[in-house]
Amino acid sequence: KPTLYVVATPIGNLGDISYRAIEVLNDVDIILAEDTRTSGVLLNHYQIKKPMMSYHEFNKEAQENKVIDLLHEGKNLALISDAGTPGISDPGYEIIKAVIDSGFHAVSIPGPSAILAALVISGLIIQPFTFIGFLPRKPSDMKKMIESYQNRKETVIIYESPMRIQKTLNTIYSILGNRNITLSRELTKTFETIIRTTLDKAVSMDHNPKGEYVIIIEGNHNIQTHFDLTIEEHVQEYIKLGH
Ligand code: SAM
């Protein structure tokens, strides 16, 4: 059956690609790439010569029918993004769903993603965790989203661009208060930097406005259940909840 292979590619270090990923990229008829120039660097490095077709946020609807037609013609395709695993804060979801709904195969070729790369060396409790991806840009939506995690126990993973890291950390601190956090910058690259600190310290640091960041925040381990509260605290909680 014609197949769309969802292939993970490196998040920085070109060496981080699986043997099977290389085999699949060499075997398919066409490679769907988020940015053909970025992916060209990787494909050149591994001397993979395949026709590429662009598939990104702004042409994904237009490309969907073409992809399904190609599968109907019996072609095998690979989907790659600029970095890491397609579909993870990257284009992919819609085309993968369309392929499955049309009765074709979707096969995962697993590999790098900044989520797990950052999480396992964060020094914070690994499981359970929640992956948010990029927070909403609109300040009120961002606040609402962070507030919804205030009382959650699991470790939270956020992607952030270097331009907004400082502001985002301020917002997180103002809502969650002090917590342990880990900032991972430029994972797998020459200037990889891991900062394991607390939110109060992180907000007053100068953060490099270059590179890419994963923010990992410790869950709330101080949630008081109503069994822990005195009667006075109970009343205070009740008032806070707006009763
Ligand atoms: N598909 C990718 C994945 O599987 O991780 C994520 C793509 S998303 C557009 C890019 C974001 O991922 C960056 O803003 C950053 O938060 C994170 N990221 C990607 N590569 C990274 C790296 N080498 N070091 C730290 N963060 C990275």
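Nothing here was measured: the structure is a model prediction, and the numbers come from that model. (Residues numbered from 1 in each chain as written. Predicted model: local features only at pLDDT ≥ 70, side-chain atom pairs only at ≥ 80, totals over all residues.)

Explain the overall build of the protein chain to me, using residue names and the numbers behind them.
In terms of helices and strands, the protein chain carries nine helices and ten strands. The dimensions of the protein chain, computed from C-alpha atoms along their principal axes, are 70 × 40 × 30 Å. Taking all 243 residues of the protein chain together, the buried fraction comes to 29%. For the protein chain, long-range pairs separated by at least 24 residues make up 74% of all intrachain contacts whose partners lie at least 6 apart in sequence. (Helix = DSSP H or I, 4+ residues; strand = E, 2+ residues; numbered from the N terminus. Buried ≥ 20, exposed ≤ 12 C-beta atoms within 10 Å, placed from the backbone. Contact = placed C-beta atoms within 7 Å.)

Break down the pairing of strand β10 (residues 213-217) for me, citing the residues and quoting the values.
Burial of β10 is extensive: five of the five residues sit out of reach of the surface. Alternating residues of β10 divide into Y213, I215 and I217 and V214 and I216, and every residue in both groups is buried. With five bridges joining them, strand β7 (residues 155-160) and β10 adopt antiparallel strand pairing. The partner of E160 across the bridge, within β10, is Y213. Strand direction decides the pairing type here: strand β8 (residues 180-185) and β10, joined by five bridges, are antiparallel. If you follow L183 over to β10, its bridge partner there is I215. (Pairing = 2+ DSSP bridges.)

Talk me through the environment of L70; I want residue IDs and the actual numbers.
Topologically, L70 is positioned in helix α3 (residues 60-72). The spacing of L70 and L135 is 65 residues in sequence and 35 Å in space, taken between C-alpha atoms. Discounting chain neighbours no more than four positions away, the residues touching L70 are I30, K75 and L77.

Describe the UniProt feature "transmembrane region" (unreviewed entry) in the protein chain, and please don't skip the residues or the numbers.
Per the UniProt annotation, the sites labelled "transmembrane region" (unreviewed entry) are residues 114-135. As annotated, residues 114-135 has a helix share of 32% and a strand share of 27%, and its two end C-alpha atoms lie 16 Å apart. (UniProt positions renumbered as here; feature names shortened; annotations may be inferred.)

Let's hear about the site of the ligand: which residues, and what values?
What surrounds the ligand is a group of 24 residues, the closest being G84, S113, A114, Y159 and L187. At the level of secondary structure, the elements contributing two or more residues to the shell around the ligand comprise α5 (114-120), β7, β8 and β10. (Near = placed C-beta within 6 Å.)

Explain helix α7 (residues 165-176) residue by residue, including any values.
At 3.6 residues per turn, the α-helix brings residues three or four places apart onto the same side. Taking 1.5 Å of rise per residue, the twelve residues of α7 would be expected to cover 16 Å, and the 16 Å separating its terminal C-alpha atoms lies within 8% of that figure. Along α7, the residues classified as buried are I165, T168, L169, I172 and Y173. Seen end-on, α7 carries its buried residues on one side only, within an arc spanning 135°. After α7 finishes, the residue G177 shows a positive phi value of roughly 75°. (Expected span 1.5 Å × (residues − 1). Arc of directions from axis to C-beta.)

Residue-level account of the sheet that holds strand β9 (residues 193-198), with values.
Strand order in this open sheet of five strands is β6-β7-β10-β8-β9, and the pairing throughout is mixed. Both outer strands of the open sheet, β6 (129-134) and β9, are each paired with one neighbouring strand and no more. Strand-to-strand twist in this sheet, taken as the mean axis angle between neighbours without regard to direction, amounts to 15°. Pairing geometry for β8 and β9, over six bridges, is antiparallel. Directly across from S184, in β9, lies its bridge partner I194. (Axes fitted to C-alpha atoms, helices over the stretch in contact; angles between N-to-C directions.)

Kindly report on the nonpolar core, identifying the contributing residues and their values.
Ranked by size, the top nonpolar core spans 25 residues in total, and within it A118, I157, I181, V214, I215 and I216 carry the most contacts. For this core, the secondary-structure elements that each account for two or more residues are α5, β7, α7, β8, α8 (199-202) and β10. If near-sequence neighbours (up to four positions away) are discounted, I181 is found in contact with T197, T198, L199, A202, I215, I216, I217 and E218. Counting residues in hydrophobic clusters, the runner-up holds 23 residues, among them L4, Y55, V99 and I109. (Core = buried A, V, L, I, M, F, W, Y, C linked by C-beta atoms within 7 Å.)

Explain the sheet that holds strand β5 (residues 105-109) residue by residue, including any values.
Strand order in this open sheet of five strands is β3-β2-β4-β1-β5, and the pairing throughout is parallel. Of all the strands in the sheet, just β3 (52-54) and β5 have a single pairing partner and so form its edges. Here the average twist between neighbouring strands, direction ignored, is 25°. Running over the sheet, helix α2 (residues 36-45) touches β2 (30-33), β3 and β4 (77-80) and is turned about 150° from β3.

Which residues make up the packing of helix α6 (residues 139-147) against α7, and what are the values?
It is the contact of α6 with α7, at a shortest axis distance of 10 Å, that shows an interaxial angle of 45°. Put simply, α6 runs oblique to α7. You can see that α6 and α7 cross each other, and the crossing is right-handed. For the pair α6 and α7, contact is made by M142, K143, I146 and E147 and by T171, I172, I175 and L176, respectively. For the contact of α6 with α7, the per-class residue count stands at five nonpolar, one polar and two charged. (Parallel < 35°, antiparallel > 145°, perpendicular 65-115°, else oblique. Left-handed = near helix turned anticlockwise from the far one by under 90°. Nonpolar A, V, L, I, M, F, W, Y, C, P; charged D, E, K, R; others polar.)

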